[in-house]
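Structural characterization, general
Here's the letter readout for the chains.
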Amino acid sequence: MITIKNLNIPGYEEVIFCQDDEAGLKAIIAIHDTTLGPAVGGTRMLPYGTEDEALADVLRLSRAMTYKAAAAGLDFGGGKAVIIGDARRDKSEKLLRAFGRFVESFDGRFLTAEDVGTSPEDMRVIGQETEYATCPPDIPEANWQTSFITAFGIFRGIQASVMEMYGSDSLSGIRIAIQGIGKVGDKLARILHAEGAKLTIADLDRSRLLAISKELGAAVVEPHEIYQVDTDILAPCALGGVLNDDIIPLLGCNIVAGAANNQLADERHAEELSKKGILYAPDYIINAGGLISTLYDIGECDRQTVIHRTAEIYDRLRVIFDIARLEKISTQVAADRMVEERIRQAKRDMAK
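Heads up: these notes are all about the structure in this document. Bear in mind the structure is a predicted one, so any value in this text is a computation, not a measurement. (Residues numbered from 1 in each chain as written. Predicted model: local features only at pLDDT ≥ 70, side-chain atom pairs only at ≥ 80, totals over all residues. Heavy atoms only, no water.)

Before going further, it helps to spend a moment on the sheet that holds strand β11 (residues 255-256). Taken together, the six strands give an open sheet; going across it, the order is β9-β8-β7-β10-β11-β12, and neighbouring strands pair in parallel fashion. Strands with a single pairing partner mark the edges of an open sheet, and in this sheet they are β9 (219-220) and β12 (279-280). Across four bridges, the pairing between strand β7 (residues 175-179) and strand β10 (residues 233-236) is parallel. The residue of β10 that forms the bridge with I178 is A235. (Pairing = 2+ DSSP bridges. Helix = DSSP H or I, 4+ residues; strand = E, 2+ residues; numbered from the N terminus.)

Laid out in structure tokens, this is it:
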């Protein structure tokens, strides 16, 4: 039995729940806004505790994609998909192909790619049912490139943040604590090490943590200790929601600038960071490199253009920091205003 339900969420163009009992699929696709173009967003597969938890995640993530695409100057809107299930146990070809048919039902209004719990190989299976599942080219360096471009964008954002805080964008001797050393965190650590930064790292994968520590000479702390490290910069590179009422009072950093999506548990936490004198690089601005790299994946530009556009994250953050400083508002509010004005202008142009 297949169940399709329109959830009618205010502020979102379309939020659809799909359940295919035969395939074992439970999924939600949320389209937040398509003013600038078709909605783009990854497909995340996680064993959510409840459907409400999955819904909250997909709503938060799809809205963030609208803002990320708009801020990066891309002609895309924001969307996201979540599959409820344990990727290690529940994933199957039947489930992925059923999900592909779900994506296809949006007739191109939603384009998806890999995310937490899914892979390029999964996208190729999903792509047997829809042309709207994208993945890196089938070449050995493609997966490495996407995570490297994301890390490169974080590096440029860290440079901009250091310039704002200290008056120079040199990272030599700058202390940086990285939370999470997965695909992006690993490459970010290597870039920062090459730039002379002093690293402290934390990750749940102890063996990986120790191997990278040995290679780069990075200090190691337990995951729960990373927030209290006396450091210049905290770079969250794991899952979101880490900047919350419990963690913010513990922070021992001057800057938060990292790869994780939805770092703020609530938007008010941007103001809390500002009150503590902590400079926050809004996550959807600094981590846009991964989205920008999809332009190469779909054949819209070459690699050098991707690198150039990702490097512009530095300039974008400098503008946001200027606005926040001059108007005495949080950097999150400054970023949101910039994005919302672009969308409003696009709507005005469409109305002419």
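With that settled, consider helix α5 (residues 183-194). Here α5 contains 12 residues, and its C-alpha end-to-end distance of 17 Å stays within 8% of the 16 Å for a straight helix at 1.5 Å per residue. Buried within α5 are the following residues: V184, G185, D186, K187, L188, A189, I191 and L192. Two residues or fewer past α5, G196 is found with a positive phi of approximately 90°. (Expected span 1.5 Å × (residues − 1). Buried < 20%, exposed > 50% of the residue type's maximum accessible area, 1.4 Å probe, protein only.)

Next up on the list: the packing of helix α9 (residues 289-297) against helix α10 (residues 303-311). Orientation of α9 relative to α10, taken along the N-to-C sense of each, is 160°, at an axis distance of 9 Å. Our classification of the angle between α9 and α10 gives roughly antiparallel. Between α9 and α10 lies a crossing whose hand is right-handed. Two secondary-structure elements touch here, α9 through G289, I292, S293, L295 and Y296 and α10 through R303, V306, R309 and T310. Residues that form the contact of α9 with α10 fall into these classes: four nonpolar, three polar and two charged. (Axes fitted to C-alpha atoms, helices over the stretch in contact; angles between N-to-C directions. Parallel < 35°, antiparallel > 145°, perpendicular 65-115°, else oblique. Left-handed = near helix turned anticlockwise from the far one by under 90°. Contact = heavy atoms within 4.5 Å. Nonpolar A, V, L, I, M, F, W, Y, C, P; charged D, E, K, R; others polar.)

Here we take up the sheet that holds strand β6 (residues 110-114). Taking strand neighbours across the sheet as the criterion, the six strands line up as β1-β2-β3-β5-β4-β6 in an open arrangement whose pairing is mixed. One side of each edge strand has no neighbouring strand; the edge strands of this open sheet are β1 (2-6) and β6. Averaged over all pairs of adjacent strands, the angle between their axes in this sheet comes to 20°, without regard to strand direction. Bridging between β1 and strand β2 (residues 14-20) involves five bridges; their strand directions are antiparallel. Note on β2: the bridge partner recorded for N6 is I16.

Turning our eyes to something else, we now look at the packing of aromatic side chains. Scanning all chains against the criterion turns up six aromatic pairs. Centroid distance F148 to F152: 6.4 Å. Interplanar angle 15°. Geometry classified as stacked. Here the residue F148 and the residue F152 both occupy positions in helix α4 (residues 142-166), the gap between them amounting to four residues, near one helical turn. Judged by its relative accessible area of 25%, F148 is partly exposed. By way of ring pairs, the aromatic residues F99, F102, F106 and F110 are connected into one cluster. (Phe/Tyr/Trp six-rings, centres within 6.5 Å; stacked < 30°, edge-to-face > 60°.)

None of the figures reported here should be taken as evidence of function without further support.
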